[in-house]
Amino acid sequence: DERKREQVVATAFEDWKTVTLTGDVKKHLELMTAGFVSHWLWMRMQDRRDDKILKWMEILPKELRIDFDLWKRQIEFERPQRAYLLPDRLLGSTWIVKCYEDYFKEGLEAERLHLSAGKIAGVAIDASGATVISTLPGERTEMFAMVPGPDGKWRVDGYIPPRVR
């Protein structure tokens, strides 16, 4: 039943929101797809004003450097709209968790204000997953893409910010 599926997605989104608001970075990451985490890292790499990512790249363990460099070159060569999945060794490394946690903790207060202001306005399910539509004060709308993982749990897979007026 469509209504039931929409409620499951809404609940999964609210669970992600809750763990984010409580500051649980490990659970927060677990409720995001590997694709979204990969794209997050790629976006950090593209931000020329971000000195923090340079520091994280300096401490990337040597055993992960080749995997990272091959991933980066493939993206630079093919220029996809979204970053390819990070290699498993990188996704499963403590380096990516600690790097993400560094950014997560720095932006946590702003994220708490942002997420607590949003209210689910609707859930749209299609063949590729679901979109959670969240309204913010000032009649602004943002959207979160969600997809079911291999374990059946819905995870955040993308974000479309509100338009700037």
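Figured I'd write up the structure that's included with this text. In every chain, residue numbers begin from 1 and rise along the written sequence. Thresholds applied to this predicted model are a pLDDT of at least 70 for local features of residues and 80 or more for the giving and counting of side-chain atom pairs; totals over whole chains, interfaces and linings are not thresholded and use all residues. Computation of side-chain values covers all heavy atoms of the structure but excludes hydrogens and water.

1. Things to note about the packing of helix α1 (residues 2–22) against helix α7 (residues 94–117)
In plain terms, the rule: To obtain an axis, a line is fitted to C-alpha atoms, over the contacting stretch when the element is a helix, and the angle between two such axes runs from 0 to 180 degrees between their N-to-C directions. Here a strand is any run of E in DSSP of at least two residues, a helix any run of H or I of at least four, and the numbering for each starts at the N terminus. Reported orientations rely on four angle classes, namely roughly parallel under 35 degrees, roughly antiparallel over 145, roughly perpendicular from 65 to 115, and oblique for the rest. Throughout, a crossing is termed right-handed when the near helix is turned clockwise from the far one, and left-handed when it is turned anticlockwise from it by less than a right angle. Here a residue-residue contact requires only that any non-hydrogen atoms of the pair lie within 4.5 Å. Charged residues are taken to be Asp, Glu, Lys and Arg, nonpolar residues to be Ala, Val, Leu, Ile, Met, Phe, Trp, Tyr, Cys and Pro, and polar residues to be all remaining types, Gly included.
Contact pair α1 / α7: the axes reach a minimum separation of 8 Å and the direction vectors enclose 130°. Between α1 and α7, the angle is such that the two are oblique. Regarding α1 and α7, the two cross each other, and that crossing is left-handed. The segment α1 lies against α7, with Trp16, Lys17, Thr20, Leu21 and Thr22 engaging Phe104, Leu108, Glu111, Arg112, Leu115 and Ser116. Of the residues in the contact of α1 with α7, the class split is 5 nonpolar, 3 polar and 3 charged.

2. Quick word on the pattern of salt bridges
Inclusion rule: Take a side-chain nitrogen of Lys or Arg and a carboxyl oxygen of Asp or Glu: if they are within 4 Å of each other, that pair is a salt bridge. The buried label applies to any residue whose accessible area, calculated with a 1.4 Å probe on protein chains only, is under 20% of its type's maximum; exposed applies above 50%, and partly exposed to all values in between.
Taken as a whole, this structure holds 15 salt bridges when the rule is applied. Across the pair Asp69 and Arg65 runs a salt bridge, and its minimum N-O distance is 3.9 Å. One end of the pair is Asp69 and the other is Arg65, both in helix α5 (residues 62–78) and 4 residues apart, which spans about a single turn. The residue Asp151 makes a salt bridge to Arg155 at a minimum N-O spacing of 2.8 Å. Take Asp151: its relative accessible area is 48%, and that puts it in the partly exposed class. The network of salt bridges with shared partners includes Arg44, Asp47, Arg49 and Asp50.

3. Here's the deal with the packing of aromatic side chains
Note the following rule: Only Phe, Tyr and Trp rings take part, Trp by its six-membered ring, and two of them pair if their centres are within 6.5 Å. Stacked means planes under 30 degrees apart, edge-to-face means over 60, and tilted covers everything else.
Scanning the model with the defined rule gives 10 aromatic pairs in all. Consider the rings of Phe13 and Trp16, whose centres lie 5.8 Å apart with planes at 35°: the pair is tilted. Of this pair, Phe13 and Trp16 both sit in helix α1, 3 residues apart, which is roughly one turn of that helix. Residues Phe13 and Trp16 agree in their burial class; the two are buried. Grouped by ring-pair contacts, the aromatic residues Phe13, Trp16, Phe144 and Tyr159 constitute a single cluster.

4. Observations regarding unusual backbone geometry
A negative phi holds for most residues other than glycine; trans holds for most peptide bonds. Of note, Arg79 is a non-glycine position whose phi angle comes to about 50°, a positive value. By the element assignment, Arg79 lies in the loop between α5 and α6 (88–91). One non-glycine residue, Glu139, adopts positive backbone phi at about 60°. Mapped onto the secondary structure, Glu139 falls in the loop between β2 (129–136) and β3 (140–148).

5. Some words on the environment of Lys105
Tracing the sequence through the fold places Lys105 in helix α7. Its relative accessible area of 56% is what places Lys105 among the exposed residues. Expressed as a C-alpha distance, the spacing of Lys105 and Val25, which sit 80 residues apart in the sequence, is 8.2 Å.

6. Describing the layout of surface pockets
Threshold: We place a 1 Å grid over just the protein atoms. Points where a 1.4 Å probe fits but has no way out form a cavity, open points with protein on both sides within 12 Å along at least 5 of 7 lines form a pocket, and any residue with an atom within 4 Å of a point lines it. Grid points are joined across faces, edges and corners, and a volume is the space filled by probe spheres set on the points.
Counted as a void, the largest pocket has a volume near 690 Å³. Contributing to the lining of the largest pocket are 24 residues, with Phe36, Trp40, Arg44, Tyr100 and Glu111 lying nearest its centre. For the lining of the largest pocket, the secondary-structure elements that each account for two or more residues are α1, α3 (34–46), α7, β3 and β4 (154–160). Among the elements that line the lining of the largest pocket, the one with the most residues is α7, at 9 residues. When its volume is computed, the second largest pocket comes out at roughly 310 Å³. As for the second largest pocket, its lining consists of Lys26, Leu29, Glu30, Met32, Thr33, Ala34, Val37, Leu91, Ile96, Val97, Tyr100 and Arg155. Breaking the lining of the second largest pocket down by element, the ones donating at least two residues are α2 (25–30), α3 and α7.

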